[in-house]
Amino acid sequence: MPRKIGILIMALTAIIAFLYVPSGHTEEKDWEKTVTLPNGQVVLDMNGEWDAIYDNKDFGTNKDVVNITQEGNKFVGIKLIGNEFLPKGVATIRGELEENGFKSLYGYNIAHGWTLSKGQISNDGNTIVIETPIEAYGYTAVLTLTRK
């Protein structure tokens, strides 16, 4: 009898897991600004100035403004204030967008140059958090962008 109850519990658990786990669906985006590409794909419109907060374990936190220009699904972000590590006018991020976020994303760091990064876009599209690993120093730099 205990064996039958165990099998029943496992079967019910499997059914519940199947019903409640999303099957390939991603969270719907409600971005305030979008661009429709020639292929019909809708991506985030990142054009414009963004307040930037750089959080680096070894170098502390600093603020900047990043101007992002986007052509189609490709973008580049240029620092407008700069500091001793990356001066004004230097690119700090670049990448490509797809319907649900980033297709590719790179952050620039002084130790390694362009480094593959991870990014998360808020549901309204007005906040982006980018994590860039700084392998030489063993930590991840975090850049938070907020649309102005």
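Above: the structure in question.
Residues numbered from 1 in each chain as written. Predicted model: local features only at pLDDT ≥ 70, side-chain atom pairs only at ≥ 80, totals over all residues. Heavy atoms only, no water.

Caption draft 1: Just the nonpolar core, in detail. Judged by nonpolar contacts, the single largest core of 20 residues is most densely connected at Met46, Ile68, Phe75, Leu97, Phe102, Ile128 and Leu145. Where this core is concerned, the elements lending two or more residues are β2 (42-44), β3 (48-56), β4 (60-71), β6 (91-98), β7 (101-109), β10 (127-134) and β11 (139-147). Examining the composition of this core, we find that three residues originate from one element, β3, more than from any other. When residues no more than four places from it in sequence are discounted, the contact partners of phenylalanine 75 are Met46, Ile68, Thr69, Gln70, Ile93, Arg94, Gly95, Glu96, Leu97, Phe102 and Leu105. (Core = buried A, V, L, I, M, F, W, Y, C linked by side-chain atoms within 4.5 Å. Buried < 20%, exposed > 50% of the residue type's maximum accessible area, 1.4 Å probe, protein only. Helix = DSSP H or I, 4+ residues; strand = E, 2+ residues; numbered from the N terminus. Contact = heavy atoms within 4.5 Å.)

Caption draft 2: View of the packing of aromatic side chains. Following the criterion strictly, the structure yields two aromatic pairs and no others. Centre to centre, the rings of phenylalanine 75 and phenylalanine 102 are 5.9 Å apart; their planes meet at 55 degrees, and the pair counts as tilted. Of this pair, phenylalanine 75 sits in strand β5 (residues 74-79) while phenylalanine 102 is found in strand β7, placing the two residues 27 residues apart along the sequence. Phenylalanine 102 sits in the buried class, given a relative accessible area of 15%. Taking 5.3 Å as the distance between ring centres and 75 degrees as the angle between the ring planes, the aromatic pair formed by tyrosine 108 and tryptophan 114 counts as edge-to-face. The ring of tyrosine 54 carries lysine 79 above its face, with NZ or CZ at 4.3 Å from the centroid. Just above the ring of tyrosine 106 sits the side chain of arginine 94; from NZ or CZ to the centre is 5.5 Å. (Phe/Tyr/Trp six-rings, centres within 6.5 Å; stacked < 30°, edge-to-face > 60°. Lys NZ or Arg CZ within 6 Å of the ring centre and 35° of its normal.)

Caption draft 3: A look at the pattern of salt bridges. Summed over the entire model, instances satisfying the criterion amount to two salt bridges. For lysine 79, the salt bridge identified is with aspartate 64, shortest N-O distance 3.4 Å. Taken together, the residues lysine 79 in strand β5 and aspartate 64 in strand β4 connect sequence positions 15 residues apart. (Salt bridge = Lys/Arg side-chain N within 4 Å of Asp/Glu carboxyl O.)

Caption draft 4: Structural context of empty space enclosed by the protein. Summed over all chains, the structure comprises one cavity of 30 Å³ or more. In this structure, the largest cavity spans a volume of roughly 340 Å³. In terms of lining residues, the largest cavity is bounded by 23 residues, among which Tyr54, Asn56, Tyr108, Asn109 and Ala141 are the most central. The set of elements that each furnish at least two residues to the lining of the largest cavity consists of β3, β6, β7, β10 and β11. At four residues, the largest contribution of residues to the lining of the largest cavity is made by β11. (1 Å grid on protein atoms, 1.4 Å probe; cavity = no way out; pocket = protein on both sides within 12 Å on 5 of 7 lines; lining within 4 Å. Points joined across faces, edges and corners; volume = space filled by probe spheres on them.)

Caption draft 5: Representation of the pairing of β5. Here β5 shows a buried face lined by Phe75, Gly77 and Lys79 and an unburied face lined by Lys74, Val76 and Ile78. Judged from the six bridges that link them, β4 and β5 form a sheet pairing that is antiparallel. Its bridge partner lying in β5, glutamine 70 is registered against phenylalanine 75. Connecting the antiparallel pair β4 and β5 is a turn made up of two residues, with glycine 72 showing a positive phi of about 65 degrees. Sheet analysis places β5 next to β6, joined by five bridges and oriented antiparallel. Paired with isoleucine 78 across the strands is alanine 91, a residue of β6. (Pairing = 2+ DSSP bridges.)

Caption draft 6: Molecular detail of the side chain of serine 104. One can find serine 104 in strand β7. Those residues within four positions of serine 104 in sequence are excluded, and the remaining contacts are Arg94, Gly95 and Glu96.

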